2 protein chains.
Amino acid sequence: MSKKYVYLFSEGDASMKNLLGGKGANLAEMTKLGFPVPQGFTVTTEACTRYYSDGKVISGEIITEIDDKLSQLEGIVGKKFGDPQNPLLVSVRSGARASMPGMMDTILNLGLNDTVVEGLAKLTGNPRFAYDSYRRFIQMFSDVVMEVPKSNFERIIDEIKEHKGITNDTDLSAEDLKAMVARFKDYYHGQKGSDFPQEPKEQLIEAVKAVFRSWDNPRANVYRRMNDIPSDWGTAVNIQAMVFGNTGDDSGTGVAFTRNPSTGEKALYGEFLINAQGEDVVAGIRTPQKIAQLQEVMPEVYDQFIEIAGKLEQHYRDMQDMEFTIENKKLYMLQTRNGKRTAQAAIKIAVDLVGEGMISKEQAVLNVDPKQLDALLHPTFSAQALKEATVLATGLAASPGAGSGKVYFTAEDAVKAAQGGEKVILVRLETSPEDIEGMDAASGILTARGGMTSHAAVVARGMGRCCVAGCGDIRVSEEDKCFTVGDKCFAEGSYISIDGSTGHVYEGCVETIKAELTGDFGKFMAWADEIRTLKVRANADVPRDAQAAMDFGAEGIGLCRTEHMFFEEDRIPVVREMIVAKSLEQRQKALDKLLPIQRKDFEGLFTAMNGLPVTIRLLDPPLHEFLPTADEDVKALSIEMGISFEELKATVEDLHEFNPMLGHRGCRLAVTYPEIAAMQARAIIEAAINVTKSGVTIIPEIMIPLVGEVKELQYVKDVVTKTVDGIIAAAGVEMTYLVGTMIEVPRAALTADKIAEEAEFFSFGTNDLTQMTYGFSRDDAGKFLDYYYQKKIFESDPFARLDQTGVGKLMAMAAQMGRTTRPDIKLGICGEHGGDPSSVEFCHSLGLNYVSCSPYRVPIARLAAAQAKIKADRAGK
Amino acid sequence: MSKKYVYLFSEGDASMKNLLGGKGANLAEMTKLGFPVPQGFTVTTEACTRYYSDGKVISGEIITEIDDKLSQLEGIVGKKFGDPQNPLLVSVRSGARASMPGMMDTILNLGLNDTVVEGLAKLTGNPRFAYDSYRRFIQMFSDVVMEVPKSNFERIIDEIKEHKGITNDTDLSAEDLKAMVARFKDYYHGQKGSDFPQEPKEQLIEAVKAVFRSWDNPRANVYRRMNDIPSDWGTAVNIQAMVFGNTGDDSGTGVAFTRNPSTGEKALYGEFLINAQGEDVVAGIRTPQKIAQLQEVMPEVYDQFIEIAGKLEQHYRDMQDMEFTIENKKLYMLQTRNGKRTAQAAIKIAVDLVGEGMISKEQAVLNVDPKQLDALLHPTFSAQALKEATVLATGLAASPGAGSGKVYFTAEDAVKAAQGGEKVILVRLETSPEDIEGMDAASGILTARGGMTSHAAVVARGMGRCCVAGCGDIRVSEEDKCFTVGDKCFAEGSYISIDGSTGHVYEGCVETIKAELTGDFGKFMAWADEIRTLKVRANADVPRDAQAAMDFGAEGIGLCRTEHMFFEEDRIPVVREMIVAKSLEQRQKALDKLLPIQRKDFEGLFTAMNGLPVTIRLLDPPLHEFLPTADEDVKALSIEMGISFEELKATVEDLHEFNPMLGHRGCRLAVTYPEIAAMQARAIIEAAINVTKSGVTIIPEIMIPLVGEVKELQYVKDVVTKTVDGIIAAAGVEMTYLVGTMIEVPRAALTADKIAEEAEFFSFGTNDLTQMTYGFSRDDAGKFLDYYYQKKIFESDPFARLDQTGVGKLMAMAAQMGRTTRPDIKLGICGEHGGDPSSVEFCHSLGLNYVSCSPYRVPIARLAAAQAKIKADRAGK
């Protein structure tokens with residue numbers, strides 16, 4: 001039997017999400033449950049994959065299947081596609097396996113043409129509705145299928161409205177709309193050189209192809225990369241009989257959530273528009289009414305919707321996000337799905353659902369996306385600062401959190417400014433999917449138009465960016481790159497602050513404070529901690545970071561980078577003195593000055609961590625990083641240091657490297673200058689002994705970086721242990737310490753059995769390991785990685801998400817070989833991947849003892865570790 | 001039973017080389033065969049290893065064993081150690097498993113002190129001999145054991161001789177020598193602050209320790225690194241009863257080879273000195289007599305020696321290098337070993353021994369060190385150039401081959417100049433082991449003193465460096481850094497040319513021609529070719545190199561680097577035009593200009609290779625390599641290109657990379673600029689089609705560099721095949737071609753199973769693979785590798801000798817996984833390791849199809865491949 005590519009809604013169910021996409025599977029499920037769903041059929045994700053493998057064509061076989069299902073649909077709804085007497089109109093919507101809001105394009109009212117529109121007008125006795133539907137169709141079809149931008153049509157609408165002296169679309173008459181259709185078609189002809197397609201079946205197939213194509217558009221690719229969705233999943237296409245929210249005041253359309261997606265509060269939450277089609281709500285063009293008002297407008301419809309919403313949440317055991325349309329007082333459900341929510345809401349809903357007996361603690365832990373926690377961990381405005389701040393304007397509190405920065409008015413400008421190191425607030429009339437990279441680059445988003453379910457609001461919540469939407473107080477001129485409030489003008493580069501939890505916009509930079517993590521968050525994280533077996537440590541170099549890490553639940557420090565201490569202002573002169581030293585004696589003199597400073601650093605760290613493990617890495621970067629290179633800087637420094645310019649310049653030139661990444665750094669420094677390693681080891685142990693006196697037990701972990709060969713490690717370890725054992729013996733104390741290594745050079749992983757003979761622990765340095773395994777440096781890869789994403793060679797950034805295939809294979813080898821030599825070897829990871837959920841899951845699967853990440857990512861790693869445990873248990877691993 | 005650390009000569013045999021060292025095992029073997037060997041005992045290599053593992057002390061247990069054997073030796077020879085009445089004197093010599101000529105230090109006449117010397121004088125009635133022996137002992141013991149340089153003693157000798165108005169040591173009287181001993185002891189006391197050791201047993205143990213220490217001296221380490229000898233082998237120590245060549249005119253000492261080590265000619269070859277001790281011959285202080293003259297001086301001794309030499313060669317089935325001493329007309333054999341020989345001699349001897357029925361062809365192939373062939377493959381002076389050249393001076397033809405360069409007078413200066421890219425001739429009074437690095441850096445070596453078996457001659461032959469030794473015509477002043485011939489002075493930096501095959505020294509730079517490889521060489525290489533299964537290709541970019549490769553027996557081109565073509569003067573302007581192009585159109589225009597040039601390059605290559613396989617790699621280096629960086633150069637180029645300085649500067653800055661090694665290069669260029677790959681693919685295939693018309697079948701192999709992910713390869717391969725298939729179809733010809741990849745990024749090796757789905761061949765690029773696996777770049781590693789050698793972290797340069805443990809593991813994985821996916825995948829190596837014998841052996845063990853190396857290394861690889869096959873067969877693999 002050949003593969004089936006098209007399914008009627010009545011042929012599927014919720015379990016078929018991979019094949020039918022999320023939307024299609026849920027439409028089938030709602031059909032099965034007997035809810036009022038306009039019927040239709042789904043072209044599968046496999047048809048999409050085949051479209052691409054066939055070279056971007058839809059095979060005749062699939063077209064025949066679509067025709068068949070269309071005939072069956074005509075039978076079900078009793079209308080005929082393209083028949084002016086009783087026309088079947090359809091919507092064409094994308095629907096991937098994972099929800100990709102705003103990413104894929106939708107076409108409504110397909111099946112209309114010059115004769116069908118007349119028939120529809122006659123049949124409904126509502127020519128205004130018929131032409132409104134037709135002009136919408138022309139607009140959407142042209143935009144999505146034929147690449148004639150929607151905004152050009154909007155301009156025509158504006159011209160007509162101006163000419164007529166009206167402001168609302170609803171004030172346009174049937175005749176106006178008919179004229180508009182004529183102008184749209186003219187415009188189309190002018191753009192494309194051919195008439196607007198009149199053949200409904202051709203419209204349909206072209207629309208299906210457009211949905212398939214849209215799977216591969218740049219913003220879909222960016223979204224997938226941000227959300228780890230493989231490009232070979234493909235999207236399904238849902239073709240559904242149209243119901244109309246734009247037939248008059250007995251009709252409407254809306255979006256609602258079973259619980260508040262912003263706070264998690266258990267209460268129906270949503271918006272609707274009377275006499276409108278679905279896209280109007282989402283696009284935020286008209287500001288909609290609250291869902292509760294539907295009770296006054298159409299009480300019966302409201303009651304029915306409340307009942308359905310309750311049943312859906314009960315059925316899916318999660319908060320639902322639903323779209324509906326009311327056609328002449330009859331309710332139709334167009335979609336349901338597990339709703340996107342803020343981190344705060346996600347946790348409250350998860351905790352509440354456990355309290356309501358709906359789900360288990362494990363399920364609650366699984367229901368929250370770890371990446372979302374980021375939003376909870378970011379700062380809010382301090383109460384003190386707020387007292388003094390001036391509220392400029394207020395909009396909708398669309399995505400919580402506080403942010404401040406310089407305003408930019410295009411996504412492109414925002415991205416550029418952020419890359420230049422600026423904090424950015426992206427200000428837009430309204431956002432569209434094209435803006436997604438700009439939104440990601442911004443600290444916050446402010447829009448003048450759109451509601452709580454507008455594009456800006458939905459995407460910002462998903463990203464954990466704060467957002468104030470629909471802020472009617474401001475007038476945005478994207479062209480002039482400024483916005484005005486009253487008569488005050490804010491040009492590009494002006495500072496503002498926005499509070500996505502209150503909707504307030506402030507002038508200037510308002511001081512922020514860090515998040516308090518209590519209540520539901522504490523309860524929820526305690527569940528995660530109970531479940532997980534993987535420990536979570538933090539990368540922290542100074543006591544302040546160590547304290548933040550402890551606050552976020554870190555169970556130790558996995559990486560203290562001692563070079564960060566070397567860069568501080570009070571010691572860099574001594575470090576430079578050490579570097580320019582011409583003899584061991586001179587160098588030792590400088591090191592003797594550094595010793596008490598380093599010791600104090602470590603005392604602070606040990607004190608802050610209060611007995612939790614602390615892994616300290618010996619000096620790693622090449623020495624030239626501590627010296628300037630530009631002649632004027634070298635000159636200035638030479639004067640400061642009291643040596644000749646020529647001498648200092650010679651040192652700088654001597655230290656120059658062609659590939660610093662692959663240069664004289666890591667343990668290679670300790671091999672050439674063992675006295676540096678000895679000084680650091682001394683500082684660590686003396687600090688540990690001093691802090692131990694206060695009654696805390698400390699087991700320092702001394703980590704030797706960039707080892708590629710066991711004899712390197714042997715040599716440096718020997719320097720360390722000789723120094724340390726001498727100090728311990730002289731102090732007459734008992735002190736245990738560990739000496740281990742980073743696994744960050746491929747050869748270390750490949751020879752891990754031998755390296756484990758010397759190393760008491762391994763810490764995977766996946767930043768460097770990724771660079772060397774791929775053979776590209778992070779600093780240089782920017783120049784070509786965009787091409788790699790465009791051409792789908794890479795689907796995610798290997799520096800953000802661990803490459804399990806290549807780098808992961810080295811890690812697995814190293815873990816296995818290391819344990820063979822030393823069964824109790826401690827294994828951890830301290831690359832940035834330590835805070836990435838999918839990478840954490842991989843680390844769990846390797847049986848690592850801990851992951852270490854930046855303090856702010858500690859809760860994310862804790863949750864990801866718990867999810868990894870649950871998933872592994874469920875998979876029987 | 002505890003381990004035995006000391007063996008009498010009568011307890012060992014030749015098979016115990018690993019334990020007794022080469023010298024010790026052969027002394028034992030000669031003892032077993034009944035030859036006249038002064039008896040003694042050997043302290044094993046394991047005692048040396050233990051000395052180091054015990055922290056550089058000799059354990060009491062070993063000292064006791066030495067004492068025991070010494071007593072036994074006293075019994076055997078009927079003399080007593082330290083007994084003035086009948087003293088036993090001994091020599092202490094090092095002897096490692098592999099012969100390390102000149103590397104280890106020797107002490108003669110040990111056991112002498114102020115009373116024993118008197119006894120010896122009385123006993124022999126020859127006070128001159130006794131004091132000569134004692135002064136030699138003081139000199140050697142001070143130098144080797146106590147670190148009081150020998151040259152300081154030589155200065156005292158010179159003073160005494162000058163004072164007495166004599167020139168030859170032999171003219172010194174007993175009284176002179178007695179006075180000399182007194183001055184030596186005074187000098188010693190002045191240097192060390194204590195008396196010269198008088199206790200023979202203390203002398204002995206200190207001497208043994210000194211031999212052990214000398215195993216770890218810098219020049220021994222350098223030699224080991226150059227010859228791949230592991231430092232954990234250790235050296236044995238041979239303690240042998242002294243016989244004396246310095247008792248008068250009935251005594252003497254000499255060195256001889258059973259065949260000519262320079263030409264391989266079957267005739268006894270050697271030198272001797274009357275009334276001398278062994279070191280005199282080797283050190284080249286007096287110019288010795290030819291061995292044939294011994295027949296006149298002592299016919300019976302000569303006949304006996306001839307007989308023994310014949311028997312030894314027959315026994316060892318190889319040319320022997322023997323040391324002997326004649327004491328009062330009695331012959332003693334002090335050493336025999338397989339003799340070092342020139343490449344030419346090695347081949348002649350191997351071929352002759354097969355002809356004489358002494359060894360098999362396999363053994364002949366094994367007997368020649370592949371690295372030695374290098375010497376045969378280097379140029380000689382052209383006859384034409386010689387006609388016009390002026391012979392400055394003539395010395396001994398110590399090591400064949402021709403070389404020219406600037407003269408330098410210290411090893412250090414020679415190394416520096418060579419690193420700066422200069423061709424260097426090292427000129428020395430005589431060389432010593434300290435000079436070894438300078439000799440290695442030089443194109444040739446010229447010494448004023450010393451014979452054919454002097455240090456300079458022996459070492460130069462081993463290295464394949466040409467050498468003219470004992471050139472009395474020149475007067476060298478190392479201090480003033482010049483030499484004079486007559487009244488002509490040659491200062492540092494002057495050009496000379498030397499011919500190590502004739503002994504001539506020429507003024508200026510004499511033109512050289514390449515070697516002719518015929519006769520024995522052809523026969524010998526044919527045996528190697530019959531045996532080996534691994535193919536040998538060459539890395540060649542231009543027809544000239546391809547021709548050289550064919551002449552050396554290459555079976556194809558394994559790597560043609562197309563970028564080298566881009567750098568040539570007539571095309572770099574077009575390449576730059578391509579780089580600064582602002583649009584695809586502009587770039588395409590430049591590529592269109594490059595196409596015919598590239599096509600012509602490839603036509604030349606295909607024509608030269610006449611149907612043998614040719615692997616062509618697409619553009620690899622980052623584009624900035626084609627542009628200047630210094631402002632003045634950029635300015636000049638901008639004028640030349642007719643664009644503004646600012647524009648060109650901006651391009652240069654835009655292309656700047658932090659780590660070019662890990663940057664935008666290899667297939668990453670083809671991903672961003674597929675049009676470049678398309679142009680190159682077109683040029684290759686059009687060239688192949690054109691050359692095919694002449695009747696040659698060509699199967700081009702297109703190689704895509706720096707692949708780390710199969711999708712990269714897929715993408716670029718797709719660009720290539722689309723281009724190529726179109727051309728082939730349009731031309732209406734049949735043409736097969738292969739598309740494959742370099743395996744040079746660790747991730748490629750780790751995912752080789754997937755990469756083999758697309759790649760029809762793998763070529764291991766072990767230069768880059770080594771850099772990335774170790775995480776250091778070749779350009780930068782120089783700064784720390786010396787420390788790594790010093791500290792024994794590395795024993796060989798991983799860029800010269802393949803790291804089988806780490807890099808090799810990746811290769812083995814890739815080969816195995818690649819074959820799993822594609823059983824008939826073609827596997828080769830094109831890194832520089834392809835010409836390194838040990839690496840070739842490893843490639844054979846992986847079952848690679850071919851190695852590819854520089855044309856001059858092709859014969860080396862052919863021989864190494866044959867040896868690998870024989871060794872694997874013998875090991876039953």
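Here, every reference points to the structure presented above.
Thresholds, definitions, all that
- Residues numbered from 1 in each chain as written.
- Chains lettered and ligands numbered in written order.
- Predicted model: local features only at pLDDT ≥ 70, side-chain atom pairs only at ≥ 80, totals over all residues.
- Heavy atoms only, no water.
- Helix = DSSP H or I, 4+ residues; strand = E, 2+ residues; numbered from the N terminus.
- Rg over C-alpha atoms; globule rule 2.2 N^0.38 Å.
- Buried < 20%, exposed > 50% of the residue type's maximum accessible area, 1.4 Å probe, protein only.
- Contact = heavy atoms within 4.5 Å.
- Areas by Shrake-Rupley, 256 points an atom, 1.4 Å probe, with all protein chains shown as cover.
- Lys, Arg positive; Asp, Glu negative; His and termini not counted.
- Charge placed at Lys NZ, Arg CZ, Asp CG, Glu CD.
- Buried area = accessible area lost by both parts, 1.4 Å probe.
- Salt bridge = Lys/Arg side-chain N within 4 Å of Asp/Glu carboxyl O.
- Pairing = 2+ DSSP bridges.
- Axes fitted to C-alpha atoms, helices over the stretch in contact; angles between N-to-C directions.
- Least-squares fit on C-alpha atoms with pLDDT ≥ 70 in both.
- Expected span 1.5 Å × (residues − 1).
- Arc of directions from axis to C-beta.
- Polar contact = N/O pair within 3.5 Å; in protein donor to acceptor, adjacent residues only side chain to side chain.
- Phe/Tyr/Trp six-rings, centres within 6.5 Å; stacked < 30°, edge-to-face > 60°.
- Lys NZ or Arg CZ within 6 Å of the ring centre and 35° of its normal.
- Left-handed = near helix turned anticlockwise from the far one by under 90°.
- Nonpolar A, V, L, I, M, F, W, Y, C, P; charged D, E, K, R; others polar.

A. The overall build of chain A, seen in detail. From N to C terminus, chain A includes 36 helices and 33 strands. Its C-alpha radius of gyration of 31 Å places chain A within 12% of the 29 Å reference for a compact globule of 877 residues. By its C-alpha atoms, chain A is 100 × 65 × 50 Å across when sized along the principal axes. Put simply, chain A has 877 residues, and 60% of those count as buried. Long-range contacts, defined as pairs at least 24 residues apart, comprise 69% of the intrachain contacts of chain A with a sequence gap of at least 6. For chain A, the exposed area adds up to about 33,200 Å²; of that, 49% sits on carbon and sulfur atoms. When the 97 positive and 124 negative side-chain charges of chain A are each reduced to one mean point, those points stand 3 Å apart.

B. Examining the interface of chain B and chain A more closely. The interface of chain B with chain A comprises 50 residues on the first partner and 50 residues on the second. Both faces considered, chain B and chain A share a buried interface measuring about 4,500 Å² in area, 59% of it formed by carbon and sulfur atoms. Where B:Asp803 meets A:Arg747, a salt bridge forms, and the shortest distance between an N and an O atom there is 2.7 Å. Within the residue set of the side of chain B that touches chain A, elements represented by two or more residues are helix H26 (645-655), helix H27 (667-672), helix H29 (710-731), helix H30 (746-750), helix H32 (766-774), helix H33 (778-790) and helix H34 (807-821) of chain B.

C. How the structure looks around the pattern of salt bridges. In the structure shown here, the tally under the stated rule is 113 salt bridges over all chains. A salt bridge links B:Glu555 to B:Lys535, with the shortest nitrogen-to-oxygen separation between them at 3.9 Å. Taken as a pair, B:Glu555 in the loop between helix H21 (543-551) and strand S27 (557-561) and B:Lys535 in strand S26 (residues 535-539) lie far apart in primary sequence, 20 residues in all. Looking at B:Glu555, the relative accessible area reads 23%, which means it is partly exposed. A relative accessible area of 46% places B:Lys535 in the partly exposed class. Among the charged side chains, a salt-bridge network with shared partners connects A:Asp529, A:Arg532, A:Lys535, A:Glu555 and A:Arg862.

D. The arrangement of the environment of A:Asp143 in detail. Residue and element names in this part refer to chain A. Following the sequence through the fold, Asp143 ends up in helix H5 (residues 127-144). Sequence separation of Asp143 and Lys80 is 63 residues, and the distance between their C-alpha atoms is 26 Å. Discounting residues that sit within four places of it in the chain, Asp143 has contacts with Val148, Pro149 and Lys150.

E. Quick peek at unusual backbone geometry. Residues and elements named next belong to chain A. Despite not being glycine, Asn275 shows a phi value in the positive range, around 50°. Locating Asn275 in the fold gives a position in the loop between strand S9 (269-274) and helix H10 (279-283). A relative accessible area of 14% places Asn275 in the buried class.

F. Quick peek at the sheet that holds strand S6 (residues 107-110) of chain A. Residues and elements named next belong to chain A. The antiparallel open sheet is built from five strands, whose spatial order is S1-S2-S7-S5-S6. The open sheet is flanked by strand S1 (6-8) and S6, the only strands paired with a single partner. Each adjacent strand pair in this sheet contributes to an overall mean axis angle of 25°, direction not counted. Both strand S2 (residues 40-43) and strand S7 (residues 235-241) contribute to a ladder of four bridges, which runs antiparallel. Pairing of Phe41 across the sheet is with Ile239, part of S7.

G. Main features of the relation of the copies chain B and chain A. When chain B is fitted to chain A, the residual RMSD is 0.2 Å, and the transformation amounts to a turn of 179° plus an axial shift of 0.1 Å. The operation mapping one copy onto its partner corresponds to a two-fold rotation axis. If distances are taken from each C-alpha of chain B to the rotation axis, the shortest is found for B:Asn659, at 2.2 Å. A shared interface surface links the copies, since 100% of the contact residues of chain B are contact residues in chain A too.

H. Structural detail: the side chain of B:Glu701. Residues and elements named next belong to chain B. Mapped onto the elements, Glu701 comes out in strand S29 (residues 701-704). By relative accessible area, Glu701 is classed as buried at 2%. Setting aside residues no more than four positions away along its own chain, Glu701 makes contact with Arg537, Pro613, Val614, Thr615, Ile616, Leu738, Phe761 and Lys826.

I. Highlighting the sheet that holds strand S8 (residues 252-257) of chain A. All names here are of chain A. Taken together, five strands build an open sheet; the order of strands is S10-S9-S8-S11-S12 and the sheet is antiparallel. Because the sheet does not close on itself, it has two edges, and the strands there are strand S10 (289-290) and strand S12 (330-338). As defined by bridge partners, S8 adjoins strand S11 (residues 320-327) across six bridges and the pair is classed as antiparallel. From the neighbouring strand, Thr253 faces S11, where its bridge partner is Thr325. The sheet strands contacting helix H12 (residues 299-316) are S8, S11 and S12, and the helix crosses S12 at an angle near 25°.

J. Just helix H29 (residues 710-731) of chain A, in detail. Between its terminal C-alpha atoms H29(A) stretches 31 Å, which fits the 32 Å expected from 22 residues at 1.5 Å a residue. Every buried residue of H29(A) is listed here: A:Val710, A:Glu712, A:Leu713, A:Val716, A:Lys717, A:Val719, A:Val720, A:Thr721, A:Thr723, A:Val724, A:Ile727 and A:Ile728. Looking at the buried positions of H29(A), the neighbouring elements they touch are helix H27 (667-672), helix H28 (674-692), strand S29 (701-704), strand S30 (738-743) and helix H31 (752-755) of chain A together with H33 of chain B. Of the residues trailing H29(A), A:Gly732 is marked for its positive phi of about 65°.

K. Seen up close, helix H21 (residues 543-551) of chain A. All names here are of chain A. Every buried residue belonging to H21 is among Ala546, Ala548 and Ala549, and all of these are buried. Each buried residue of H21 sits inside an arc of 160° when the element is viewed along its axis, so together they form one side. Each element contacted by the buried residues of H21 is listed here: strand S26 (535-539), strand S27 (557-561) and helix H24 (584-609).

L. Structural context of the side chain of B:Asn217. For B:Asn217, the position within the fold is in the loop between helix H8 (200-214) and helix H9 (218-227). For B:Asn217, the side chain forms a polar contact with the main-chain nitrogen of B:Ala220, separated by 2.7 Å.

M. Region of the structure containing the packing of aromatic side chains. If you walk through the whole model with that rule in mind, you get 46 aromatic pairs over all chains. Judged by centre distance (5.6 Å) and plane angle (70°), the ring pair of A:Tyr774 and A:Phe794 falls under edge-to-face. With A:Tyr774 in helix H32 (residues 766-774) and A:Phe794 in the loop between helix H33 (778-790) and helix H34 (807-821), this residue pair connects regions lying 20 residues apart in the sequence. The two residues A:Tyr774 and A:Phe794 agree in class, both being buried. Measuring from ring centre to ring centre gives 6.3 Å for B:Phe257 and B:Tyr269, while their planes differ by 55°; the resulting arrangement is tilted. A residue pair is termed long-range when its members are at least 10 positions apart, and B:Phe257 in strand S8 (residues 252-257) and B:Tyr269 in strand S9 (residues 269-274) qualify at 12 residues. On the basis of relative accessible area, B:Phe257 is assigned to the buried category, the value being 4%. Of the aromatic side chains, those joined through ring pairs into one cluster are A:Tyr774, A:Phe776, A:Phe784, A:Tyr788, A:Phe794 and A:Phe799. If you follow A:Arg224 out to its NZ or CZ, it ends over the ring of A:Trp215, 4.0 Å from the centre.

N. Focus on the pairing of strand S31 (residues 761-764) of chain B. All names here are of chain B. Neither face of S31 is left uncovered, since the one carrying Phe761 and Ser763 and the one carrying Phe762 and Phe764 both have all their residues buried. Bridge count for strand S30 (residues 738-743) against S31 is three bridges, and the pairing is parallel. Pairing of Ile743 across the sheet is with Phe764, part of S31. Pairing of S31 with strand S32 (residues 826-829), which is carried by four bridges, proceeds in the parallel orientation. Bridge pairing in S32 places Phe764 opposite Ile829.

O. Up close: the pairing of strand S28 (residues 614-617) of chain B. Residue and element names in this part refer to chain B. The side-chain alternation of S28 yields two buried faces, one formed by Val614 and Ile616 and the other by Thr615 and Arg617. Sheet analysis places S27 next to S28, joined by three bridges and oriented parallel. Of the residues in S28, the one forming a bridge with Ile557 is Val614. The pairing of S28 with S29 spans three bridges and is parallel. Following the sheet pairing, Arg617 is matched in S29 by Met703.

P. Looking closely at the packing of H34(A) against H34(B). Contact geometry for H34(A) and H34(B): axes closest at 14 Å, N-to-C directions at 115°. Between H34(A) and H34(B) lies a crossing of right-handed hand. Contact residues: H34(A) offers A:Lys809, A:Met813 and A:Met817, while H34(B) offers B:Lys809, B:Met813 and B:Met817. Residues that form the contact of H34(A) with H34(B) fall into these classes: four nonpolar, no polar and two charged.

Q. Summary view of the environment of A:Ala267. Examined against the element boundaries, A:Ala267 turns out to sit in the loop between S8 and S9. Residue class for A:Ala267 comes out partly exposed when judged on its relative accessible area of 30%.

Limitation: the analysis is restricted to geometry and does not speak to function.
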